[in-house]
Amino acid sequence: AQSVTQLDSHVSVSEGTPVLLRCNYSSSYSPSLFWYVQHPNKGLQLLLKYTSAATLVKGINGFEAEFKKSETSFHLTKPSAHMSDAAEYFCVVTLGSNDYKLSFGAGTTVTVRA
Amino acid sequence: DAMVIQNPRYQVTQFGKPVTLSCSQTLNHNVMYWYQQKSSQAPKLLFHYYDKDFNNEADTPDNFQSRRPNTSFCFLDIRSPGLGDAAMYLCATSRAAYNEQFFGPGTRLTVL
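Residues numbered from 1 in each chain as written. Chains lettered and ligands numbered in written order. Predicted model: local features only at pLDDT ≥ 70, side-chain atom pairs only at ≥ 80, totals over all residues. Heavy atoms only, no water.

J.: Would you mind showing me how to read the pattern of salt bridges here?
T.: If the charged atoms of two oppositely charged side chains come close together, the side chains can form a pair. Residue and element names in this part refer to chain A. Applying the stated criterion across every chain yields a total of 6 salt bridges over all chains. Between Arg-22 and Asp-8 there is a salt bridge, and its shortest N-O distance comes to 2.9 Å. Here Asp-8 lies in the loop between strand S1 (3–6) and strand S2 (10–14) and Arg-22 lies in the loop between strand S3 (19–21) and strand S4 (23–26), a separation of 14 residues in the sequence. Residue classification places Arg-22 among the partly exposed positions, given a relative accessible area of 32%. (Salt bridge = Lys/Arg side-chain N within 4 Å of Asp/Glu carboxyl O. Helix = DSSP H or I, 4+ residues; strand = E, 2+ residues; numbered from the N terminus. Buried < 20%, exposed > 50% of the residue type's maximum accessible area, 1.4 Å probe, protein only.)

Encoded structure:
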């Protein structure tokens, strides 16, 4: 079975500094991996996805993530945080194209200090 | 723009009074999902439809039902809401064979 561990429940950064959100996964198969963002009282928005193509994945709003199979990691980064990045971030894994179920990490809350 | 729409965005109901939440999509996706998300938690899948085929999660209470009258619409019925059912309810869609899910804005349910 697959599972996802987000290593930080809360990350606080200053505006303009880098953001790093850590995610480790376990899967018996070649996984598809996603990062979703959720702003307060809103639905989830897809930031980026990895589906066995390039290991460095670029997403929206300046975010990117690197798939490292040897470390079973899929960490999310952004070089310069903006106030609008304050939100909840979920790392998500699914087995592959035939698995409709998403396995969510517990989430990381990002706060951005002015 | 193609999207997933949920109505209402906020719903208040009384303990034990049936409530229906609505989801519609213009993406023409054949898979639709309902999730329950409680405060500070990840979304939890309740059930999903693959076309007309209903797939219930093993731990979804019988109190929760769903209907999908056509490709575009899906409803979540809570027959007798309890205080523990207060949560955000998220609808999502995907195309078969593609596991990327598109989420609606959610309906926040309050049970008095």
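Anyway, onward from the coordinates.
J.: How do you make sense of the packing of aromatic side chains when you look at a structure like this?
T.: Think of a pair of aromatic rings as described by two things: how far the centres are apart, and how the planes are tilted against each other in angle. Within the structure shown, the criterion is met by 14 aromatic pairs over all chains. Taking 5.8 Å as the distance between ring centres and 25° as the angle between the ring planes, the aromatic pair formed by Tyr25(A) and Phe67(A) counts as stacked. Of this pair, Tyr25(A) sits in strand S4 while Phe67(A) is found in strand S8 (residues 64–68), placing the two residues 42 residues apart along the sequence. With respect to burial, Tyr25(A) and Phe67(A) carry one shared label: buried. What links up through ring pairs into an aromatic cluster is the set Phe34(A), Tyr36(A), Phe90(A), Phe104(A), Tyr33(B), Tyr35(B) and Phe103(B). (Phe/Tyr/Trp six-rings, centres within 6.5 Å; stacked < 30°, edge-to-face > 60°.)

J.: What should I look at first to understand the interface of chain B and chain A in this one?
T.: Interface size is commonly expressed as the accessible area that is lost once the parts come together. At the interface, 25 residues of chain B touch 20 residues of chain A. Counting every contact that joins chain B to chain A gives 1 salt bridge. Between Glu100(B) and Lys49(A) there is a salt bridge, with its nearest N and O atoms 2.4 Å apart. Applying the counting rule to chain B against chain A returns 6 residue pairs in polar contact (both at pLDDT 80 or more). Elements that contribute at least two residues to the side of chain B that touches chain A include exactly strand S4 (31–37), strand S5 (44–50) and strand S9 (87–94) of chain B. (Contact = heavy atoms within 4.5 Å. Polar contact = N/O pair within 3.5 Å; in protein donor to acceptor, adjacent residues only side chain to side chain.)

J.: How should I be thinking about the nonpolar core in this particular structure?
T.: Within soluble globular proteins, side chains that are nonpolar generally end up buried alongside one another. Judged by nonpolar contacts, the single largest core of 26 residues is most densely connected at Leu21(A), Trp35(A), Leu47(A), Leu48(A), Phe74(A), Leu76(A) and Tyr89(A). With 4 residues, the top contributor of residues to this core is strand S10 (residues 87–94) of chain A. Contact partners of Leu48(A), with chain neighbours within four places excluded, come to Leu33(A), Phe34(A), Trp35(A), Val57(A), Lys58(A), Gly59(A), Phe63(A), Glu64(A), Ala65(A), Phe74(A) and Leu76(A). One finds Val31(B), Met88(B), Ala96(B) and Phe103(B) within the second-largest nonpolar core, a separate group that totals 19 residues. (Core = buried A, V, L, I, M, F, W, Y, C linked by side-chain atoms within 4.5 Å.)

J.: Would you take a moment to explain the environment of Asn24(A) for this structure?
T.: All names here are of chain A. Looking at the element boundaries, Asn-24 is found in strand S4. Taking the C-alpha atoms as reference points, Asn-24 and Tyr-50, 26 residues apart in sequence, are found 14 Å from one another. Excluding residues that lie within four positions of it along the chain, Asn-24 makes contacts with Ser-3, Val-4, Thr-5, Leu-7, Glu-71, Thr-72, Ser-73 and His-75. In terms of polar contacts, Asn-24 uses its side chain to reach the backbone carbonyl oxygen of Glu-71, at 3.3 Å. A distance of 3.1 Å separates a polar side-chain atom of Asn-24 from the backbone oxygen of Thr-72.

J.: Is there a simple way to explain unusual backbone geometry in this structure?
T.: A negative phi holds for most residues other than glycine; trans holds for most peptide bonds. With an omega of -15°, the peptide bond between Asn7(B) and Pro8(B) qualifies as cis. Secondary-structure assignment places Pro8(B) in the loop between strand S1 (4–7) and strand S2 (10–13). Positive phi values are uncommon outside glycine, yet Thr72(A) reaches one of about 45°. Judged by relative accessible area, which is 32%, Thr72(A) ranks as partly exposed. Despite not being glycine, Asp51(B) has its phi angle at roughly 55°, a positive value. By the secondary structure assignment, Asp51(B) is in the loop between S5 and strand S6 (53–56).

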